[in-house]
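Okay, here's what each chain looks like letter by letter:
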Amino acid sequence: MDLFVIDSDSESYSGTSDSEDQECEFTDHAQSILSSLDESIGKIDDFLTFERGFLHGDIVCPVSDPSGQLGRVVGVEMFVDLETYSGDIIEDVNSKQLSRVRSFVSGDCVVMGPWIGRVIRAFDLVTVVFSDGAKCEMLLRDSEVLKPIPPFIFEDAPYFYYPNQRVRIVHPSVSKSGTWLSGSWRASRDEGVVSHVDVGLVHVNWITSVANVWGDRSSSPPNFQDPKNLTLLSCFPYANWQLGDWCTLSAGHDGSLPSEDRQFVLEKLAVEEAAERQRIGIVRN
């Protein structure tokens, strides 16, 4: 009887030990998940809390003497670090050397003569080079007519087409009606490499005309416009860059990248970190 009691207690102890081990393993796993989650949330918080210190026109005062002389921000110099598609970093670049990947995007405000409008959609003008040297410029109103071929260099690119991207022409009519800069259309020319992308056509919703103030009720311009006829309405664009933005870098910048890679890299760069330097003028009452 005593032996039986001992065995029973041993089994009970063993079961309790296994249960505690499982609970401990579960707790460690949960703590690992929570730790990773905290780290991810911390990175997101750091990203969201980044903001520029000053903007043009801000009224400021010295931190050391808050009740002293006031000043107005009359200029902002922004210097950024750029990350290339291959992970190389170009540091301390003046933002005035940067330009947007596309001249117009949805949501932009534009001006044409006395009219002000908002861009509804911008259509890509894509230049494709084929293996035999032929080159065709195509205006794409539908992304289904030109399909990217894997592997994809940019998995998270905000733009569907970009230089050095391999593509396949799904509908031959788009290349047949395109502008052939070199060679001519052939049905066999259905795969190539993107050499250049720009905006070829812009759909604008016209909002109002300055002339309406003077009683001129002239009809609005056509909604579809050549981008050459439009002017982007933007104040201090060089000071509006944000973390994660895509941009192009001027060819005159002396980067530290190999010359054979620089042309493609200059087509696509991402703003990773930014720091500002401000010029402040005295406010005179």
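Look above for the structure.
Residues numbered from 1 in each chain as written. Predicted model: local features only at pLDDT ≥ 70, side-chain atom pairs only at ≥ 80, totals over all residues. Heavy atoms only, no water.

**Q** Please clarify how unusual backbone geometry should be interpreted in this entry.
**A** As a rule of thumb, non-glycine residues mostly have phi less than zero, and peptide bonds are mostly trans rather than cis. The residue after Pro150, namely Pro151, is reached through a cis peptide bond having omega 0°. Within the element layout of this structure, Pro151 appears in the loop between strand E8 (146-148) and strand E9 (166-169). If you check the backbone angles, Asp92 has positive phi at about 55° while not being a glycine. Here Asp92 is to be found in strand E3 (residues 89-94). Given the relative accessible area of 45%, Asp92 is considered partly exposed. Within the chain, Asn164 stands out as a residue other than glycine whose phi angle is a positive 75°. Within the fold, Asn164 resides in the loop between E8 and E9. (Helix = DSSP H or I, 4+ residues; strand = E, 2+ residues; numbered from the N terminus. Buried < 20%, exposed > 50% of the residue type's maximum accessible area, 1.4 Å probe, protein only.)

**Q** What is the right way to look at the pattern of salt bridges in this model?
**A** Where charged atoms from two side chains of opposite charge approach closely, those side chains can pair. Evaluated as defined, the whole model comprises six salt bridges. A salt bridge links Arg100 to Asp108; the shortest N-O distance between them is 2.6 Å. Classification of Arg100 by relative accessible area gives partly exposed; the value is 32%. Among the salt bridges present, the one from Arg189 reaches Asp132, with a minimum N-O distance of 2.7 Å. Pair noted here: Arg189 is in the loop between strand E10 (179-182) and strand E11 (191-209) and Asp132 is in the loop between strand E6 (115-130) and strand E7 (135-140), with a separation of 57 residues, a long-range link. By relative accessible area, Arg189 is classed as buried at 11%. (Salt bridge = Lys/Arg side-chain N within 4 Å of Asp/Glu carboxyl O.)

**Q** It is not clear to me how the nonpolar core should be interpreted in this structure. Could you clarify?
**A** What tends to happen in soluble globular proteins is that the nonpolar side chains get buried as a cluster. Formed by 16 residues in total, the largest nonpolar core has its most connected members in Val126, Val128, Phe130, Met138, Leu140, Leu146 and Tyr161. Elements supplying a minimum of two residues to this core: E6, E7, E9 and E11. Beyond its immediate stretch of four places on either side in the chain, Phe130 contacts Lys135, Cys136, Ile169, Trp180, Arg189, Asp190, Glu191 and Gly192. (Core = buried A, V, L, I, M, F, W, Y, C linked by side-chain atoms within 4.5 Å. Contact = heavy atoms within 4.5 Å.)

**Q** Would you mind going over the packing of aromatic side chains with me for this structure?
**A** Given two aromatic rings, their pairing is described by the distance between the two centres and the angle made by the two planes. Scanning the entire structure with this criterion turns up three aromatic pairs. Here Phe123 and Phe224 contribute two aromatic rings whose centre-to-centre distance is 6.3 Å and whose plane-to-plane angle is 35°, an arrangement assigned as tilted. Of this pair, Phe123 sits in strand E6 while Phe224 is found in strand E12 (residues 224-225), placing the two residues 101 residues apart along the sequence. Classification of Phe123 by relative accessible area gives buried; the value is 7%. With centroids separated by 5.7 Å and ring planes inclined at 20°, the aromatic side chains of Phe130 and Trp180 adopt a geometry described as stacked. You can see Phe130 sitting in strand E6 and its partner Trp180 sitting in strand E10, a full 50 residues away along the chain. The pair Phe130 / Trp180 is uniform in exposure class, with both members buried. The positively charged end of Lys96 is found above the aromatic ring belonging to Tyr238, 4.8 Å away from the centroid. Above the plane of the ring of Phe123 lies Arg141, whose end atom (NZ or CZ) is 5.8 Å from the centre. (Phe/Tyr/Trp six-rings, centres within 6.5 Å; stacked < 30°, edge-to-face > 60°. Lys NZ or Arg CZ within 6 Å of the ring centre and 35° of its normal.)

**Q** Help me understand the side chain of Asp108 in this model?
**A** When you line up the elements, Asp108 lands in the loop between strand E4 (98-100) and strand E5 (109-112). On the basis of relative accessible area, Asp108 is assigned to the buried category, the value being 11%. Among the polar contacts listed, one links the side chain of Asp108 to the side chain of Arg100, at a separation of 2.6 Å. Non-local contacts of Asp108, meaning those with residues more than four positions away in its chain, are made with Arg100, Ser103, Gly117, Arg118, Val119 and Leu232. (Polar contact = N/O pair within 3.5 Å; in protein donor to acceptor, adjacent residues only side chain to side chain.)

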